[in-house]
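# Observations on chain architecture
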Amino acid sequence: MTDAAELLSRTKELLAAHPPATTDRTDFLTARFDAGLAWVHYPKGLGGLDAPRTLQAVVDAELTAAGAPDNDPRRIGIGLGMAAPTILTYGSEEVKQRFLRPLWVGEEVWCQLFSEPGAGSDLAALGTRAVRDGGDWVLNGQKVWTSSAHVSRWAILIARTDPDLPKHRGITYFICDMSDPGVEVRPLRQITGEAEFNEVFLTDVRIPDAHRLGEVGEGWKVAQTTLMNERVSIGGSRIPREGGMIGPIARTWRERPELRTHDLHQRLLTLWVDAEVARLAGERLRQQLAAGQPGPEGSGMKLAFARLNQEISGLEVELHGEEGLLYDDWTMRRPELVDFTGRDAGYRYLRSKGNSIEGGTSEVLLNIVAERVLGLPSEPRNDKDVAWKDLTR
């Protein structure tokens, strides 16, 4: 079993062989991956050392102290938090070897082709079709709300392969090449003025069967791995005290005493405590992850994340008074990363409105918590045994 002392020794060896000050950033990250120090809990040869997940902090602390570059996790968050754990669980050895290193190093950005215009909250109702043609699958359909599709090289995708089966059982999971000429990405301008989201049209896109994850017809099962990891990556990311949305408003409170009122003080204290409770709960969730796969608890964390972001950003705009009505720039941009907390108070207020939609709507997550955490009865369904093609749409 790899222990903290061995990981620290390996990290020092990496820094000695590849000094961060004189080594190209990509070269350093590649060397780190090959040394098994990328994600230490992954298998040997795939960026890890089969070490306990909790020991990643030993490596990260040593590298940060040495000024080593990171892999810009905000830019490649979908690949790190969603694609990678799914590939690790369901990909062939060839698929793991092909995709995991450029994904972690940041040479290839990933996006997620799940939601559709008629299949958002009810994702299993999706209609994008995949038809087998020899060694390939031919896909036609439309996806929507796809973050970073305009800068992505690869996508994780679910499509319907058998319309004669009930909706959850006729789905298969694929890796899609976003550079295929049959893939068209169109921007979706958001309330912030930016277009980090996109709609994606698929026209006769050919995907080799080797890029299928899991068995044919078991895409919903595979997708659950992605979705559970997605909610943990959104709601349970590691942040310091006063990190995230609570940080800017706390700084403004300390630096601008003329804005303070007793009522705002009481509300800020309540939200500060809530944010700290959520942060510590996220730390506990990550410790649970060290023992296995993420469970439905991640849905609870994502719920708290959305609620807190919206309440904190609303209070921040109110604290700024008339200044809170200002907005810095409505220019149409297509950013390379998703930034929940950047720019000014107005941006944070508007961007947080999407937090209760993306990564699973709050309404759907409430159902998951009710049924899978609290053990309450499931909602009645009249489509459980009905073929997808016979559903009313």
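Quick note: structure is the one above.
This one's a predicted model, so the numbers in the text were calculated from it and none came from an experiment.

Here the focus is helix H5 (residues 93–105). Taking 1.5 Å of rise per residue, the 13 residues of H5 would be expected to cover 18 Å, and the 19 Å separating its terminal C-alpha atoms lies within 8% of that figure. At Phe 99, H5 shows its maximal bend, which comes to roughly 30 degrees, and the proline Pro 102 appears one to four places after that position. Looking only at H5, the buried set comprises Val 95, Lys 96, Phe 99, Leu 100, Pro 102, Leu 103, Trp 104 and Val 105. Those residues of H5 that are buried lie in contact with helix H2 (25–34), helix H4 (77–90), strand S1 (110–113), strand S4 (154–160), strand S5 (171–177) and strand S8 (212–213). Phi turns positive, to about 95 degrees, at Gly 106, one or two residues after H5.

Summed over all chains, the structure comprises 10 aromatic pairs. Where Phe 114 meets Tyr 173, the ring centres are 5.9 Å apart and the plane angle is 90 degrees; that geometry is what we call edge-to-face. Taken as a pair, Phe 114 in the loop between S1 and strand S2 (129–133) and Tyr 173 in strand S5 lie far apart in primary sequence, 59 residues in all. Each member of the pair, Phe 114 together with Tyr 173, is buried. One residue, Arg 186, lies across the ring of Phe 201, its end atom 4.0 Å from the ring centre.

Taken N-terminus to C-terminus, the directions of H2 and H5 make an angle of 130 degrees; their axes are 9 Å apart at the nearest point. Classified by the angle their axes make, H2 and H5 are oblique. When the axes of H2 and H5 are compared, the crossing they make is right-handed. Here Thr 26, Leu 29, Thr 30, Arg 32, Phe 33 and Asp 34 of H2 lie close against H5, whose contacting residues are Leu 100, Arg 101, Trp 104 and Val 105. Residues that form the contact of H2 with H5 fall into these classes: 5 nonpolar, 2 polar and 3 charged.

Now for the side chain of Thr 30. Position of Thr 30 relative to the elements: it lies in helix H2. For Thr 30, a relative accessible area of 18% translates into the label buried. From its side chain, Thr 30 meets the backbone oxygen of Thr 26 in a polar contact 2.8 Å long. Setting aside anything within four residues of it in sequence, one finds Thr 30 in contact with Arg 101 and Val 105.

Conventions adopted
Residues numbered from 1 in each chain as written. Predicted model: local features only at pLDDT ≥ 70, side-chain atom pairs only at ≥ 80, totals over all residues. Heavy atoms only, no water. Helix = DSSP H or I, 4+ residues; strand = E, 2+ residues; numbered from the N terminus. Expected span 1.5 Å × (residues − 1). Bend = angle between axes of the 7 residues up to and from the residue. Buried < 20%, exposed > 50% of the residue type's maximum accessible area, 1.4 Å probe, protein only. Contact = heavy atoms within 4.5 Å. Phe/Tyr/Trp six-rings, centres within 6.5 Å; stacked < 30°, edge-to-face > 60°. Lys NZ or Arg CZ within 6 Å of the ring centre and 35° of its normal. Axes fitted to C-alpha atoms, helices over the stretch in contact; angles between N-to-C directions. Parallel < 35°, antiparallel > 145°, perpendicular 65-115°, else oblique. Left-handed = near helix turned anticlockwise from the far one by under 90°. Nonpolar A, V, L, I, M, F, W, Y, C, P; charged D, E, K, R; others polar. Polar contact = N/O pair within 3.5 Å; in protein donor to acceptor, adjacent residues only side chain to side chain.

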